[in-house]
Amino acid sequence: MLDWIILILFFSCLVGIVFWVIKHKKDNTSDYFLSGRSETWLAVGAAIFAANIGSEHLVGLSGAGAESGMAMAHWEMQGWMILVLGWVFVPFYAHSRVFTMPEFLSRRYNKNTSSTLSVITLVSYVLTKVSVTAFTGGIFLQSVIGIDFWYGAIGLVLLTGIFTVLGGMKGIMTISVIQTPILIVGAFTILILGLIKVGGGGLIDGWHEVVKFAGSNGSTNMHLVHPKGDVWYDKFPGISVIFGAAIIGFWYWCTDQHIVQRALAAKDLKNARRGTILAGFLKILPVFIFLIPGMIAAALRGKGVLMFTDNNEAYGSLVRNLLPIGVKGIVVVGFIAALMTSLAAHFNSSATLFTIDFYKIKRPNASEHQLVWIGRVATISVVVLGLVWIPIMKSLGSVLYEYLQNVQSLIAPAIAAVFLLGVFNRNITPKAGEWGLLIGALIGLFRLCLMVFDPGTSFDAAQKMITNPALRTGLFTILNINWIHFCIFLFFFTMALMVVISMFTPKAGEQQLQGITYFSQSPEQVKETRESWNLLDIITSLVVVAVCVVFYIYFW
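Residues numbered from 1 in each chain as written. Predicted model: local features only at pLDDT ≥ 70, side-chain atom pairs only at ≥ 80, totals over all residues. Heavy atoms only, no water.

Here the focus is the overall build of the protein. A tally of helices and strands in the protein yields 24 helices and zero strands. Residue burial in the protein is summarised as follows: out of 556 residues, 59% are buried. Considering only contacts in the protein between residues 6 or more positions apart, those separated by 24 or more positions represent 84%. Total accessible area on the protein is roughly 22,000 Å²; 69% of this is exposed by carbon and sulfur atoms. (Helix = DSSP H or I, 4+ residues; strand = E, 2+ residues; numbered from the N terminus. Buried < 20%, exposed > 50% of the residue type's maximum accessible area, 1.4 Å probe, protein only. Contact = heavy atoms within 4.5 Å. Areas by Shrake-Rupley, 256 points an atom, 1.4 Å probe, with all protein chains shown as cover.)

Below, the structure is given as structure tokens:
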């Protein structure tokens, strides 16, 4: 009863936030989509972290820890990549005063490039982010407080949709600041109690027990070398994982709308950069508060203390069995808020993309009031589409976090290549950006289709359906390429394609490139960027990088 009372108080707090936002809101796109570009570094850092941490971490990352130990840590040790966003890319985005990433590509390349990215992003949000967050949220709520999967998943989506429609970005930023400390403290509580439980009373003993148990499954390291008996090396092939994870990380942290939008909500460059530095520190935490607890849950299951059959239930089992009454309610509140902010981030970003990159283009004279309402309608549409896709997501099976990274490895390379060359190479032409993004995306989509239609356990059935031997062999080869190697190949192929196309197509004019590329910043823009950082920013950034390096050395 105490836990439920705490949950009711939390939902009452949400209602209060919505009423506060409505009372103080301004009916314009800057306020609704970017919180009026008025946020401090604390709100920006908390919002970036909160937008990233969703049920795919509570359920998927912990499940991956229970399944393969440290293998998926590569995708979480990316605080250094958030620094790249703050130090390198935010100045370009801020100086161009864009709302969306497709809008930035439209200025650097052309409208077709912008439209292609918008479509790719919207489809990926509905199929992988909104649906997966709802799906895994339903699993978490069912495993922790016993709510039926469908009630939990649908209720989470509907509640978050209403909150996003009414509260906009201001509401999301507000709840992010509230839930982030609750989430972190609660997660560390579970980590400590789990280590004490598995170690029989001592933290160090608990960690040794976890390492001992994980070692028996060949999952105590990050598979950068090929030790004898490492059953996970073929799936996570050595040094290639670092490059593959970096490509996916660059796309996600430096170019994906729902992350960059939080940085663009800052009131100036200094607050945007310091917000990313804070987020870089916070991004170090998920390995310790989600992945290692998954390893702890697996060790406790091996000892007969916890009983769960699906690894996706690992974290929920820890919360349900380790936390005392009252504390569990507070922690669950923090987790539900995390699920909502992550889901709301995708809803708001989807609405921003549709409103700015499609509706405003077709209706250039639309009023600010009309644009805000179209954003709300777009949010409702994404909510409905996400709900429709949940039954399909329910059939995905285990190791959900790995599945997400696999799909993102097909989306990320082309987008990453287009942004990277677009900012750092003035000679890349608009047509090169257009065709590089389109062709790279289609290649990724082709492999994704093969994955969807592949029976999963065997390629025999597909082979029998294809009579042409050469075609059958070619499809089998494409599908059999390691997903990380395919990601790296597609990234460099897209860049090479763009360089070649640039040799035969007209370059962009100087006016179009002004302020958009690294080498075309005006003296005023360069001065503004330089004045936005100091020695403290450099030192704190180096600390983030050092922690990431030490982690890799320890778990080599």
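Don't stop here, the text continues.
Glancing now at the nonpolar core. Counting residues in each nonpolar core, the largest one holds 144 residues, and the members touching the most others are Met70 and Phe140. Apart from the residues within four sequence positions on either side, phenylalanine 140 is in contact with Leu58, Val59, Tyr315, Gly316, Val319, Phe335 and Leu339. (Core = buried A, V, L, I, M, F, W, Y, C linked by side-chain atoms within 4.5 Å.)

Here we take up the pattern of salt bridges. As enumerated under the stated definition, the model contains six salt bridges in all. The closest approach of N and O atoms between arginine 426 and glutamate 510, which form a salt bridge, is 2.5 Å. Pair noted here: arginine 426 is in the loop between α17 (400–424) and α18 (430–453) and glutamate 510 is in helix α22 (residues 510–513), with a separation of 84 residues, a long-range link. By relative accessible area, arginine 426 is classed as partly exposed at 24%. For glutamate 510, a relative accessible area of 51% translates into the label exposed. (Salt bridge = Lys/Arg side-chain N within 4 Å of Asp/Glu carboxyl O.)

Moving on, we get to a nonpolar patch on the surface. A cluster of nonpolar side chains, namely Phe281, Leu535, Ile539, Val543 and Val547, defines an oily patch on the protein surface of about 400 Å² accessible area. Of the residues forming the nonpolar patch, the biggest block, four residues, is contributed by helix α24 (residues 535–554). For isoleucine 539, the location among the structural elements is in helix α24. (Patch = residues over 30% accessible without salt bridge, like charges linked within 9 Å, V, L, I, M, F, W, Y side chains within 5 Å.)

Counted at 1.5 Å a residue, the expected span for helix α3 (residues 41–52) with its twelve residues is 16 Å, and the 17 Å between its end C-alpha atoms agrees. Burial analysis of α3 places ten of its twelve residues in the buried class, which makes it a mostly covered element. Looking at α3, one finds that the buried residues are Ala43, Val44, Gly45, Ala46, Ala47, Ile48, Phe49, Ala50, Ala51 and Asn52. (Expected span 1.5 Å × (residues − 1).)

Checked against the element boundaries, leucine 117 lands in helix α7 (residues 111–145). Placed 236 residues apart in sequence, leucine 117 and leucine 353 show a C-alpha to C-alpha distance of 9.7 Å. Apart from residues lying up to four places away in sequence, leucine 117 is in contact with Met101, Pro102, Leu105, Ile415, Phe419 and Leu437.

Another point: the packing of aromatic side chains. Taken as a whole and assessed by the stated rule, the structure comprises 19 aromatic pairs. Judged by centre distance (4.9 Å) and plane angle (85°), the ring pair of tyrosine 252 and tryptophan 253 falls under edge-to-face. On the accessibility criterion, tryptophan 253 (3% relative accessible area) is buried. Ring pairs connect the aromatic residues Phe89, Phe92, Tyr93, Phe104, Phe250, Phe419, Phe424, Tyr518 and Phe519, which therefore count as one cluster. For arginine 447, the ring lying beneath its charged end belongs to phenylalanine 486, and the centroid distance is 4.7 Å. (Phe/Tyr/Trp six-rings, centres within 6.5 Å; stacked < 30°, edge-to-face > 60°. Lys NZ or Arg CZ within 6 Å of the ring centre and 35° of its normal.)

The next subject is α24. In a regular helix each residue adds 1.5 Å, so 20 residues correspond to 28 Å; α24 covers 29 Å between its end C-alpha atoms and thus fits that length. Taken as a whole, α24 has its buried residues at Asp537, Ser541, Val544, Cys548, Phe551 and Tyr552. The buried residues of α24 occupy an angular sector of 105° when projected down its axis, which confines them to one face. The exposed residues of α24 that point more than 90 degrees off its buried face are Leu535, Leu536, Leu542, Val550, Ile553 and Tyr554. For α24, the secondary structure elements touched by its buried residues are α5 (79–96), α10 (240–255), α12 (269–283) and α13 (286–302). The N-cap residue of α24 is asparagine 534: its side-chain oxygen and the backbone nitrogen of leucine 536 are 3.1 Å apart. (Arc of directions from axis to C-beta. Polar contact = N/O pair within 3.5 Å; in protein donor to acceptor, adjacent residues only side chain to side chain.)

As for its position among the elements, aspartate 537 is in helix α24. For aspartate 537, a relative accessible area of 3% translates into the label buried. Apart from residues lying up to four places away in sequence, aspartate 537 is in contact with Trp87, Arg274, Ile277 and Ser532.

The next point concerns the packing of α5 against α24. For the pair α5 and α24, the least separation of the axes is 8 Å and the interaxial angle reads 150°. In terms of orientation, α5 lies roughly antiparallel with respect to α24. When α5 is examined against α24, the residues Gly79, Trp80, Leu83 and Trp87 are found in contact with a partner set consisting of Asp537, Ile538, Ser541, Val544, Val545 and Cys548. Per-class residue counts for the contact of α5 with α24 are seven nonpolar, two polar and one charged. (Axes fitted to C-alpha atoms, helices over the stretch in contact; angles between N-to-C directions. Parallel < 35°, antiparallel > 145°, perpendicular 65-115°, else oblique. Nonpolar A, V, L, I, M, F, W, Y, C, P; charged D, E, K, R; others polar.)

With that settled, the discussion passes to the environment of tyrosine 315. By the element assignment, tyrosine 315 lies in helix α14 (residues 314–322). In this structure, the C-alpha to C-alpha distance between tyrosine 315 and isoleucine 289, residues 26 residues apart in sequence, is 9.9 Å.

What follows covers empty space enclosed by the protein. Inspection of the entire model under this criterion finds four cavities of 30 Å³ or more. Looking at the largest cavity, its volume works out to about 240 Å³. Along the wall of the largest cavity there are 21 residues; nearest its centre are Asn52, Lys129, Tyr252, Gln405 and Gln408. The residue makeup of the lining of the largest cavity, split by class, is seven nonpolar, ten polar and four charged. (1 Å grid on protein atoms, 1.4 Å probe; cavity = no way out; pocket = protein on both sides within 12 Å on 5 of 7 lines; lining within 4 Å. Points joined across faces, edges and corners; volume = space filled by probe spheres on them.)

The subject of this paragraph is the confidence of the model for the protein. Taken residue by residue, the protein gives an average pLDDT of 80. The fraction at 70 or more is 82%. Averaged over each element, pLDDT in the protein is lowest for helix α19 (residues 460–465) (51) and highest for helix α21 (residues 483–502) (94). (pLDDT = per-residue confidence, 0-100.)

Let's shift gears to the side chain of serine 114. If you trace the backbone, serine 114 turns up in helix α7. On the basis of relative accessible area, serine 114 is assigned to the buried category, the value being 2%. For serine 114, the side chain forms a polar contact with the main-chain oxygen of proline 102, separated by 3.0 Å.

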